[in-house]
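Fold and contact review
Next come the chains, spelled out residue by residue.
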Amino acid sequence: MFTLYKSYNFHLLLKKACSIFINKPLKNPLKQEFFIIPNKETEHWINIYIAKKYSIVANIKFLQFNNFILEIFQKVNSRNNLKLEFERYHIIWKIMNIKNVKNFTNFISKSNSKIKLFEIVSYLSKQFEKFLLYRSDWIYEWTTNLKKKEHNLTL
């Protein structure tokens, strides 16, 4: 079951989570409770809060929103490598290995600095990640149009 609690008051959310842990524990103690979090720092603060309250933190899984979506896709599609394919750093290295990237960076900047290239590619990967999350329909249309064009070329 999936229950969503939202609030601008972080401590109120943590109190609610802790009361759920105590009052409604999971039937299977080997299953994990999980939090969808905006960033790794939030995970750190949740661990600190729970450790102070109960002197221990265990069996809690923290997922950022994009990883949560990818896990759902993995369970639906049963593809094990889906998460790896769309992690930001994996995308960065895929873009860095494109042969025409050097021409692209020369167009943007005359210096052939590897750091500059990495910054540009990092920005592109962040934008791609946003497209995956918020405009997946555009990517789907783009890929299906590419497949149609490839199919027409082979005929």
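Predicted model, so just to flag it, every value in this text is computed and none were measured. (Residues numbered from 1 in each chain as written. Predicted model: local features only at pLDDT ≥ 70, side-chain atom pairs only at ≥ 80, totals over all residues. Heavy atoms only, no water.)

1. Points about the packing of helix α5 (residues 88–96) against helix α7 (residues 114–134)
Orientation of α5 relative to α7, taken along the N-to-C sense of each, is 125°, at an axis distance of 9 Å. Relative to α7, the element α5 lies oblique. Relative to α7, α5 is oriented so that their crossing is right-handed. Residues R88, I91, I92, W93, I95 and M96 of α5 form the contact with α7, whose own contacting residues are L117, F118, V121, S122, L124, S125, K126, F128 and E129. Residues belonging to the contact of α5 with α7 are distributed by class as follows: ten nonpolar, two polar and three charged. (Axes fitted to C-alpha atoms, helices over the stretch in contact; angles between N-to-C directions. Helix = DSSP H or I, 4+ residues; strand = E, 2+ residues; numbered from the N terminus. Parallel < 35°, antiparallel > 145°, perpendicular 65-115°, else oblique. Left-handed = near helix turned anticlockwise from the far one by under 90°. Contact = heavy atoms within 4.5 Å. Nonpolar A, V, L, I, M, F, W, Y, C, P; charged D, E, K, R; others polar.)

2. Points about the confidence of the model for the protein chain
Looking at the protein chain, the pLDDT average stands at 77 and 77% of residues meet or exceed 70. Within the protein chain, helix α2 (residues 40–54) carries the highest mean pLDDT (89), whereas helix α4 (residues 82–85) carries the lowest (58). (pLDDT = per-residue confidence, 0-100.)

3. Concerning the pairing of strand β1 (residues 33–37)
Residues E33, F35 and I37 point to one face of β1 and are all buried, whereas F34 and I36, pointing to the other face, are not buried. Here β1 pairs with strand β2 (residues 60–64) via five bridges, running parallel. Each bridged residue has a counterpart across the sheet, and for E33 the counterpart in β2 is I60. Once the chain exits β1 it traverses α2 before rejoining the sheet at β2, and the crossover so formed is right-handed. (Buried < 20%, exposed > 50% of the residue type's maximum accessible area, 1.4 Å probe, protein only. Pairing = 2+ DSSP bridges. Right-handed = clockwise from strand over helix to strand, strands pointing away.)

4. Thoughts on the side chain of E33
Take E33: it is sitting in strand β1. For the buried E33, no salt bridge exists, and the shortest N-O distance to an oppositely charged side chain is 11 Å, to K24. Among residues more than four places away in sequence, those in contact with E33 are F21, L26, N59, I60 and K61. (Lys, Arg positive; Asp, Glu negative; His and termini not counted. Salt bridge = Lys/Arg side-chain N within 4 Å of Asp/Glu carboxyl O.)

5. Here's the deal with a nonpolar patch on the surface
Taken together, F2, L4, F34, I36, F65 and Y134 make up a surface patch of nonpolar side chains, about 660 Å² in accessible area. Within the secondary structure, F65 sits in helix α3 (residues 65–77). (Patch = residues over 30% accessible without salt bridge, like charges linked within 9 Å, V, L, I, M, F, W, Y side chains within 5 Å. Areas by Shrake-Rupley, 256 points an atom, 1.4 Å probe, with all protein chains shown as cover.)

6. With respect to the packing of aromatic side chains
Inspection of the entire model under this criterion finds three aromatic pairs. Ring geometry for F21 against F35: centres 6.1 Å apart, planes inclined by 85°, an arrangement best described as edge-to-face. You can see F21 sitting in helix α1 (residues 10–23) and its partner F35 sitting in strand β1, a full 14 residues away along the chain. Taken individually, F21 and F35 each receive the classification buried, so the pair is uniform in this respect. With centroids separated by 5.6 Å and ring planes inclined at 20°, the aromatic side chains of F35 and F62 adopt a geometry described as stacked. Of this pair, F35 sits in strand β1 while F62 sits in strand β2, and the two are 27 residues apart along the sequence. Grouping residues by exposure puts F35 and F62 together as buried. (Phe/Tyr/Trp six-rings, centres within 6.5 Å; stacked < 30°, edge-to-face > 60°.)

7. Observations concerning the environment of T42
As for its placement among the helices and strands, T42 is situated in helix α2. Linking T42 and F10, residues 32 residues apart in sequence, is a C-alpha distance of 9.6 Å. Sequence-distant contacts of T42, defined by excluding residues within four places in its chain, comprise F10 and I37. At 2.7 Å, the side chain of T42 forms a polar contact with the side chain of N39. (Polar contact = N/O pair within 3.5 Å; in protein donor to acceptor, adjacent residues only side chain to side chain.)

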